[in-house]
Protein chains: 2
Amino acid sequence: MEWIPPNHPRRTSLLMREKVVEGVREGYVALQGLIAHGRGECFDYLIGEETPPPALEAERAAAAALLSAQLPVISVNGNVAALAPEAVVELARIVGARIEVNLFYRTPERERQIEAVLKRAGAAEVLGVGEDAACTIPELFSERRRVSCRGIYAADVVLVPLEDGDRTEALRRMGKTVVAVDLNPLSRTSRAASITIVDNVVRALPNIAKFAAELKGLPREELLSIVKNFDNDANLRKVLEHIARRLAELSQRGVALQFDVGSG
Amino acid sequence: MEWIPPNHPRRTSLLMREKVVEGVREGYVALQGLIAHGRGECFDYLIGEETPPPALEAERAAAAALLSAQLPVISVNGNVAALAPEAVVELARIVGARIEVNLFYRTPERERQIEAVLKRAGAAEVLGVGEDAACTIPELFSERRRVSCRGIYAADVVLVPLEDGDRTEALRRMGKTVVAVDLNPLSRTSRAASITIVDNVVRALPNIAKFAAELKGLPREELLSIVKNFDNDANLRKVLEHIARRLAELSQRGVALQFDVGSG
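Residues numbered from 1 in each chain as written. Chains lettered and ligands numbered in written order. Predicted model: local features only at pLDDT ≥ 70, side-chain atom pairs only at ≥ 80, totals over all residues. Heavy atoms only, no water.

> What exactly am I supposed to notice about the sheet that holds strand β2 (residues 98-101) of chain A here?
Strand pairing in a sheet is mediated by backbone hydrogen bonds. Such pairs are either parallel or antiparallel. Residues and elements named next belong to chain A. Pairing is parallel across the open sheet formed by five strands, whose spatial order is β2-β1-β5-β6-β7. Every other strand in the sheet has two partners, leaving β2 and β7 (195-197) as the edge strands with one partner each. Each adjacent strand pair in this sheet contributes to an overall mean axis angle of 20°, direction not counted. Bridge analysis of strand β6 (residues 177-181) against β7 gives three bridges, and the strand direction is parallel. Note on β7: the bridge partner recorded for Ala180 is Thr196. Helix α6 (residues 108-120) contacts β1 (72-76) and β2 of the sheet and is inclined by roughly 145° relative to β2. Strand contacts of helix α9 (residues 201-215): β5 (157-161), β6 and β7, with the helix running at about 150° to β5, the strand carrying the most contacts. (Pairing = 2+ DSSP bridges. Helix = DSSP H or I, 4+ residues; strand = E, 2+ residues; numbered from the N terminus. Axes fitted to C-alpha atoms, helices over the stretch in contact; angles between N-to-C directions. Contact = heavy atoms within 4.5 Å.)

> Whenever I open this one, the pattern of salt bridges confuses me. Can you help?
Think of it this way: side chains of opposite charge can pair up when their charged atoms draw near. Applying the stated criterion across every chain, the model contains 28 salt bridges over all chains. In this structure, Arg188 of chain B engages Glu169 of chain B in a salt bridge whose closest nitrogen and oxygen atoms are separated by 3.5 Å. Here the residue Arg188 of chain B occupies a position in helix α8 (residues 188-192), and Glu169 of chain B occupies one in helix α7 (residues 165-173), the gap between them amounting to 19 residues. For Arg188 of chain B, a relative accessible area of 16% translates into the label buried. Several salt bridges converge on common partners, so that one network encompasses Arg17 and Glu41 of chain A together with Arg39 of chain B. (Salt bridge = Lys/Arg side-chain N within 4 Å of Asp/Glu carboxyl O. Buried < 20%, exposed > 50% of the residue type's maximum accessible area, 1.4 Å probe, protein only.)

> Explanation requested: the UniProt feature "binding site: ATP" (unreviewed entry) in chain A in the structure shown.
All names here are of chain A. Sites flagged by UniProt as "binding site: ATP" (unreviewed entry) map to Arg17, Arg39, Asp182, Leu183, Asn184, Arg188, Thr189, Asn200 and Val201. With the annotated positions falling across 185 residues, the maximum pairwise C-alpha distance of 24.2 Å shows that they are not confined to a single cluster. You can call Asn184 buried: its relative accessible area is 3%. There is a polar contact of 2.8 Å between the side chain of Asn184 and the backbone nitrogen of Leu186. Within the secondary structure, Val201 is located in helix α9. Beyond its immediate stretch of four places on either side in the chain, Val201 contacts Leu83, Pro161, Val181 and Pro206. (UniProt positions renumbered as here; feature names shortened; annotations may be inferred. Polar contact = N/O pair within 3.5 Å; in protein donor to acceptor, adjacent residues only side chain to side chain.)

> Please clarify how α9 of chain A should be interpreted in this entry.
Think of an α-helix as turning once every 3.6 residues; residues three or four places apart then point the same way. Residues and elements named next belong to chain A. Between its first and last C-alpha atoms α9 spans 21 Å; for 15 residues at 1.5 Å apiece the expected length is 21 Å, and the two agree. Considered for burial, the residues of α9 that qualify are Val201, Arg203, Ala204, Leu205, Asn207, Ile208, Ala209, Phe211, Ala212 and Leu215. Here α9 starts with a cap whose side-chain oxygen sits 3.0 Å from the backbone nitrogen of Val202, and that cap is Asn200. Backbone geometry just after α9 places Gly217 at a positive phi near 100°. (Expected span 1.5 Å × (residues − 1).)

> Even after reading the chapter, I still don't get the packing of helix α1 (residues 11-26) of chain A against helix α2 (residues 31-46) of chain A, so can you show me in this structure?
Any two packed helices are characterised by the angle at which their axes cross and by the distance between the axes. Residue and element names in this part refer to chain A. For the pair α1 and α2, the least separation of the axes is 9 Å and the interaxial angle reads 170°. It follows that α1 is roughly antiparallel to α2 by the angle criterion. Between α1, through Ser13, Met16, Arg17, Val20, Val21 and Val24, and α2, the contact on the second element is made entirely by Leu31, Gly33, Leu34, His37 and Glu41. Classifying every residue of the contact of α1 with α2 by side-chain character gives six nonpolar, three polar and two charged. (Parallel < 35°, antiparallel > 145°, perpendicular 65-115°, else oblique. Nonpolar A, V, L, I, M, F, W, Y, C, P; charged D, E, K, R; others polar.)

> Looking at this structure, how should I read helix α2 (residues 31-46) of chain B?
All names here are of chain B. A rise of 1.5 Å per residue sets the reference length of α2, with its 16 residues, at 22 Å; its end C-alpha atoms lie 24 Å apart and thus fit the reference within 8%. Taken across its 16 residues, α2 has 16 buried, putting it largely inside the fold. Directly after α2, the chain includes Gly48, whose backbone phi takes a positive value near 95°.

As structure tokens, this is what we get:
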């Protein structure tokens, strides 16, 4: 990509894109991760590229879930490592979570690269790399089922930013509380998770961290009650209504938004 | 990507994705083309992965525009070559259009690869490759302004499936009728084109060809009147309303749609 002018209206979005493309060039983001990023750009654009009000509620519930956990784990894939490694490390620090590499297209080299990215961002320990991913998630096939026995396998609360539907469902069947960050409010992940945050991961992780700093110190029952009072289906409906309303407004205003950068 | 089961609910979408990834591996689709494809997946999903009724009107108007042209040209980039080379060649045959390679990230090697893909799909001649791209579109910079003097430069009607906003606007300023295929009804391309088809290119090109076969033989005045009666802004508003209505329905029904495949 060419140089992006400082005043470009879509600068933030283009810089994020550049980070993911860089991750592909370095080898730790899969080509399919770029397609997933493009889908995310589109949904982010539809919510207005800012945290929609219902997502703030979900982010607060997520903070409560992570703080109330016995063993919280943050799962990191290539796209998350490219976009928000510092935010992962900072959130893990505040809620006392372990960090685990968890890839859809798992290779030892990509695992080690992502571990290195996270350690550069300040992580003391990164699980799920090489021999550490020795436990298996039931009902999943191939390399996708491998997780760390000290991490996702043992966790009671797992934060999965950018996860696929199969794995989210499998983690739920294992009895875990799954917090997902997914810009698509209609995805299987969004439907299957205990708490779904429809927000860009670069905004969601710092928001959760901010709420966690506020809620820290509350009695565990109060945290659990925040989690229990969160209705994921109702929250997703609110997000869909938010998007539908926004599109209806845009179609009436006939606003020319700038979204396209060439694909050729 | 692993093997896709024949009964997978998102098989068509996954196969398209695989074609674009393959184009990257072969070298003629840019990494940014994958991100653009992901954005397209998202918008296609929002319109229901089928041609919305307003797009059929646009496809009919596009057929009339191409048939009424003195010199129609179909512009082809990496993503189009990966997804629908046969449909390009078939449409060009029916409306008597020339085919031109036109890349955002132009390199001689990618041009030749795309020429080869199109020739394998049956194209007799492919313009815009190497020295043939000797004319320039005013007001554009770098390699993006280069076009064939016998192709896009001289054309009165240009079909640009998957084009960027800058180039669409520049072609319009040159006085050309621009037919765009763009799944994002809010993009600058969509706003700037004379006729915008909000549909997946793999459905749009065969649809235009079908309408062209029906309209072929009509007097030129009748064709021009079809084009003149097409209101692009009104059509885009109808598409946006279609999407907004669909999202509102989905949020009420709470339907679990399957959209996600892992990005990790």
